Amino acid sequence: MKIGILAVQGAFAEHERCLEKLGITFMEIRKAEDLQNHSFDGLILPGGESTVMGKLLHDLELFEPMKAMIKNGLPVFGTCAGLLLLAKSIENAEGNQEDSHFACMDMVAKRNAYGRQLGSFSLIGEMEGVGKIPMVFIRAPYIAALGKGVTPLAEVEGKIVAAREGNLLVTAFHPELTENLAVHKYFLQMVENRRESLH
Amino acid sequence: MVENRYELNKNLAQMLKGGVIMDVTTPEQAKIAEKAGACAVMALERIPADIRAAGGVSRMSDPAMIKGIQDAVSIPVMAKVRIGHFVEAQILEAIDIDYIDESEVLSPADDRLHIDKSKFSVPFVCGAKDLGEALRRIGEGAAMIRTKGEPGTGDIIQAVRHMRMITGEMARLQALSEDELYQAAKELAAPLDLVRYVHDNGKLPVVNFAAGGVATPADAALMMQLGAEGVFVGSGIFKSGNPEKRAAAIVQAVTNYQDPKILAKLSENLGEAMVGINEQEIELLMAERGK
C-alpha cells in the first residue's frame, strides 16, 4: 500500500510522520509528473491554506488529473484545508467553488468558522468508528450542511467537524498534530478495503 | 491553558509551512497577494524599502488599516510591532490579529528587552541572526522564528548568512556530549532546556522561515534548500515591475524548490526585479537591532 500526500503547501510533513509511525509507504505530490510516473492507493490532502493549495493545484497542472482520480473512487483523507478543497460549496466564498476546488463532497463548509487565531482550540472529542481522540482546531472550518449521502462522524458544540461520503473522509481538526494515530488507521482501513475490492 | 495556547500558536505556524508570507500596505494589495497564493499577509503602512528611504521613526500600523486588510482576505493577517513595545502588541491582540511580528524593521522601543511574549494569547514571530538569538526569542515565547536578513534591500546575502549560521550552530550542538550543553547554553546565552531540545532533535522547537532580501523565485528556492520552512517576501513583490506574476512565481518556487527545470520556467519574463541595494551601500543595518 502506498499513500500520496499533496505537498504543495502546509503541514504535509506531519502526515508523513504519522504514516512513518504506522510503517506505511508514502510519496509527495508537488507537480504533474508525480501523478504520471507513480501510482498510489490513497490520497491525503493536508492542512494549510486552502486558497494557496487551490491556486497551486491549477498552476502546477495537478487539478484535473487529481479530480478525475478522486471521482474514480480513490480514497481521500482531507484535514482542515483538505476538507475545504473537497467541499461542494463554501459559505460566503467569492467565485465558483467548482473551478477552484475539487468540490466532490456533498456538503457546505464554513471557512474560518471559529474566527481568527485567538479562536483556535483543542479538546478531547468522540469520532464515530474511531473513539475518543484529541482534536486540534487551527483557524478551522466546520461543516454547515450535509447532503443525503454524507455521514457525520463527529460533532463539537452542535457543529459537524468530521464526515464521510463513500471514498471521502474529512476532519475539520488535525489528527496529524497529535500523537494519536486512530484517524489515520481508520483512513488506511478505507484504503485497504478499496484495494481488496479492486482485486 | 497558557501551555495549550502556545501549542496552538506553534501549530498555526506549521500550517503556514511551504508557503510565502507577503508584505502588503492596502486591502487591494492583500487581495492581489491572496490571489497570487500567499499563505498569509503582513499588514504594514510602508514596506521596508520605503521605510529605509523615508528614515525617521517607524511604528506599528494604524489598526483601522489592519482591520481593512483583515476584512479583505480569508488567509491569516500578521502585523509588526516595535521590539520591546508590549503596548503595541496589546493593541494588535485586541484587534484579533493572527500573528505579531516583533520586528527590527520598525524602530526599536527598548534597547535592552524584547516583549515577554509568554504573557500573550496571540502568537509572535521574531527575527534571528544566529541560534542564540533564536532560542532567546523562543524562551520569551515566540512561536515562530525567521531569519532577519536585511529588509528592504533585495539583497539575499544576510538571510543566507543568518540561515547558514543557525543550521551550522545546530549541527555543532548535536555533536556535543550531554555534559557540554551547560557551557554551550552559557556561550549561546540561551535557555538550557531549549539548547537540550536542539541537541536532541537537530532542529528548532518552532517553525523557521527565511526573511529579508528575497526578491526572485531563485532567492526563495535558495533559502528553502538551505533549510527554511517557508519564506517572507517584503519589498520584493510590490517594488517590482509585475507584482502579480512575481508573487505567483515565488509561491510556486517555494513548492518546487528542488526542481531546477520548474525554477527556470518560473524565472522567465518576470519583468523588472526591485532595484536593490548592496549591504555595503546601506548605512542602517536593521538586523543589528535587538540581539
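Residues numbered from 1 in each chain as written. Chains lettered and ligands numbered in written order. Predicted model: local features only at pLDDT ≥ 70, side-chain atom pairs only at ≥ 80, totals over all residues. Heavy atoms only, no water.

Caption draft 1: Spotlight on the overall build of chain B. Looking only at helices and strands, chain B features 13 helices and eight strands. Computed over the C-alpha atoms, the radius of gyration of chain B is 18 Å, within 12% of the 19 Å expected from 2.2 N^0.38 for a compact globule of 291 residues. Dimensions along the principal axes, computed over C-alpha positions, put chain B at roughly 55 × 45 × 35 Å. In chain B, which comprises 291 residues, the share counted as buried stands at 61%. In chain B, of all internal contacts separated by at least 6 residues, the share reaching a separation of at least 24 is 66%. (Helix = DSSP H or I, 4+ residues; strand = E, 2+ residues; numbered from the N terminus. Rg over C-alpha atoms; globule rule 2.2 N^0.38 Å. Buried < 20%, exposed > 50% of the residue type's maximum accessible area, 1.4 Å probe, protein only. Contact = heavy atoms within 4.5 Å.)

Caption draft 2: Region of the structure containing the environment of Ala68(A). Residues and elements named next belong to chain A. Position of Ala68 among the secondary structure elements: in helix α4 (residues 63–71). You can call Ala68 partly exposed: its relative accessible area is 45%. Taking the C-alpha atoms as reference points, Ala68 and Phe102, 34 residues apart in sequence, are found 9.4 Å from one another.

Caption draft 3: Quick peek at the packing of helix α8 (residues 181–188) of chain B against helix α9 (residues 192–201) of chain B. Residues and elements named next belong to chain B. Where α8 contacts α9, the two axes come as close as 9 Å, and the packing angle between them is 115 degrees. Classified by the angle their axes make, α8 and α9 are roughly perpendicular. Every pair of crossing elements has a handedness; the one defined by α8 and α9 is right-handed. Packed against α8, whose contacting residues are Leu181, Tyr182, Ala184, Ala185 and Leu188, the element α9 presents Leu192, Val195, Arg196 and His199 at the interface. A class-by-class count of the residues in the contact of α8 with α9 yields seven nonpolar, one polar and one charged. (Axes fitted to C-alpha atoms, helices over the stretch in contact; angles between N-to-C directions. Parallel < 35°, antiparallel > 145°, perpendicular 65-115°, else oblique. Left-handed = near helix turned anticlockwise from the far one by under 90°. Nonpolar A, V, L, I, M, F, W, Y, C, P; charged D, E, K, R; others polar.)

Caption draft 4: Broad picture of the packing of aromatic side chains. Residue and element names in this part refer to chain A. Summed over all chains, the structure comprises nine aromatic pairs over all chains. The interplanar angle of 65 degrees and the centroid separation of 5.0 Å between the aromatic rings of Tyr114 and Phe121 together place this pair among those described as edge-to-face. Note on accessibility: Tyr114 and Phe121 belong to one class, buried. An aromatic cluster of three or more residues is present, and its members are Tyr114, Phe121, Phe137, Tyr142 and Phe173. (Phe/Tyr/Trp six-rings, centres within 6.5 Å; stacked < 30°, edge-to-face > 60°.)

Caption draft 5: Quick peek at the environment of Glu45(B). Residues and elements named next belong to chain B. Locating Glu45 in the fold gives a position in the loop between β2 (40–43) and α3 (48–54). Spatially, the C-alpha atom of Glu45 lies 16 Å from that of Ala89, the residues being 44 residues apart in sequence. Those residues in contact with Glu45, other than ones at most four positions away along the chain, are Thr25, Ser61, Asp62 and Met65. In this structure the side chain of Glu45 is engaged in a polar contact, spanning 2.7 Å, whose partner is the backbone nitrogen of Asp62. (Polar contact = N/O pair within 3.5 Å; in protein donor to acceptor, adjacent residues only side chain to side chain.)

Caption draft 6: Representation of the interface of chain A and chain B. The interface is formed by 33 residues belonging to chain A together with 38 residues belonging to chain B. When the two sides are added together, the surface that chain A and chain B hide from each other amounts to roughly 2800 Å², 53% of it contributed by carbon and sulfur. Considering only the side of chain A, the residues that lose the most area to chain B are Arg116(A), Gln117(A) and Leu118(A), jointly responsible for 25% of the buried surface there. For the pair chain A and chain B, the number of links is four salt bridges. Between Asp259(B) and Lys31(A) there is a salt bridge, with the nearest N and O atoms lying 2.7 Å from each other. Counting across the interface, chain A meets chain B through 23 residue pairs in polar contact (both at pLDDT 80 or more). Listing elements by their share of the side of chain A that touches chain B, those giving two or more residues are α1 (12–21), α3 (50–59), β7 (121–127) and β8 (131–137) of chain A. Looking at which element gives the most residues to the side of chain A that touches chain B, the answer is α3(A), with five residues. Taken together, the residues of the side of chain A that touches chain B break down into 13 nonpolar, ten polar and ten charged. (Buried area = accessible area lost by both parts, 1.4 Å probe. Salt bridge = Lys/Arg side-chain N within 4 Å of Asp/Glu carboxyl O.)

Caption draft 7: Examining the sheet that holds strand β5 (residues 124–128) of chain B more closely. All names here are of chain B. With parallel pairing, eight strands are arranged side by side in an open sheet as β7-β6-β5-β4-β3-β2-β1-β8. Among the strands making up the open sheet, the edge pair consists of β7 (207–209) and β8 (231–233). Taken pair by pair, the neighbouring strands of this sheet meet at an average axis angle of 30 degrees, ignoring direction. Relative to β5, strand β4 (residues 99–103) is paired through three bridges, and the arrangement is parallel. If you follow Glu102 over to β5, its bridge partner there is Cys126. (Pairing = 2+ DSSP bridges.)

Caption draft 8: Region of the structure containing unusual backbone geometry. Of note, Ala103(A) is a non-glycine position whose phi angle comes to about 50 degrees, a positive value. Within the secondary structure, Ala103(A) sits in the loop between α6 (97–100) and β6 (105–110). Residue class for Ala103(A) comes out buried when judged on its relative accessible area of 5%. One non-glycine residue, Ala189(B), adopts positive backbone phi at about 50 degrees. Note on placement: Ala189(B) falls in the loop between α8 and α9.

Caption draft 9: Expanded view of the environment of Phe102(A). Residues and elements named next belong to chain A. Mapped onto the elements, Phe102 comes out in the loop between α6 and β6. With 47 residues separating them in the primary sequence, Phe102 and Lys55 have C-alpha atoms 12 Å apart. Discounting chain neighbours no more than four positions away, the residues touching Phe102 are Leu45, Leu57, Phe63, Met66, Lys67, Ile70, Leu85 and Leu86.

Caption draft 10: Examining the pattern of salt bridges more closely. Tallied over the full model, the rule gives 27 salt bridges over all chains. Between Lys17(B) and Glu14(A) there is a salt bridge; the shortest N-O distance is 2.6 Å. Highlighted residues: Lys17(B) in the loop between α1 (2–16) and β1 (20–24) and Glu14(A) in helix α1, drawn from two different chains. When the shortest N-O distance is used, the salt bridge between Glu150(B) and Arg52(B) registers 2.6 Å. Separated by 98 residues along the polypeptide, Glu150(B) in the loop between β6 (144–147) and α7 (157–175) and Arg52(B) in helix α3 bring together distant segments of the chain. Of the two residues, Glu150(B) and Arg52(B), neither departs from the other in class, the shared state being buried. Through salt bridges with shared partners, a single ionic network connects Lys80(B), Asp101(B), Glu104(B) and Arg146(B).

Caption draft 11: Molecular detail of the nonpolar core. Counting residues in hydrophobic clusters, the biggest one holds 147 residues, and the most contacted among them are Phe102(A), Met127(A), Phe137(A), Met144(B) and Met223(B). Among the elements that take part in this core, helix α12 (residues 243–255) of chain B stands out by supplying seven residues, more than any other. (Core = buried A, V, L, I, M, F, W, Y, C linked by side-chain atoms within 4.5 Å.)

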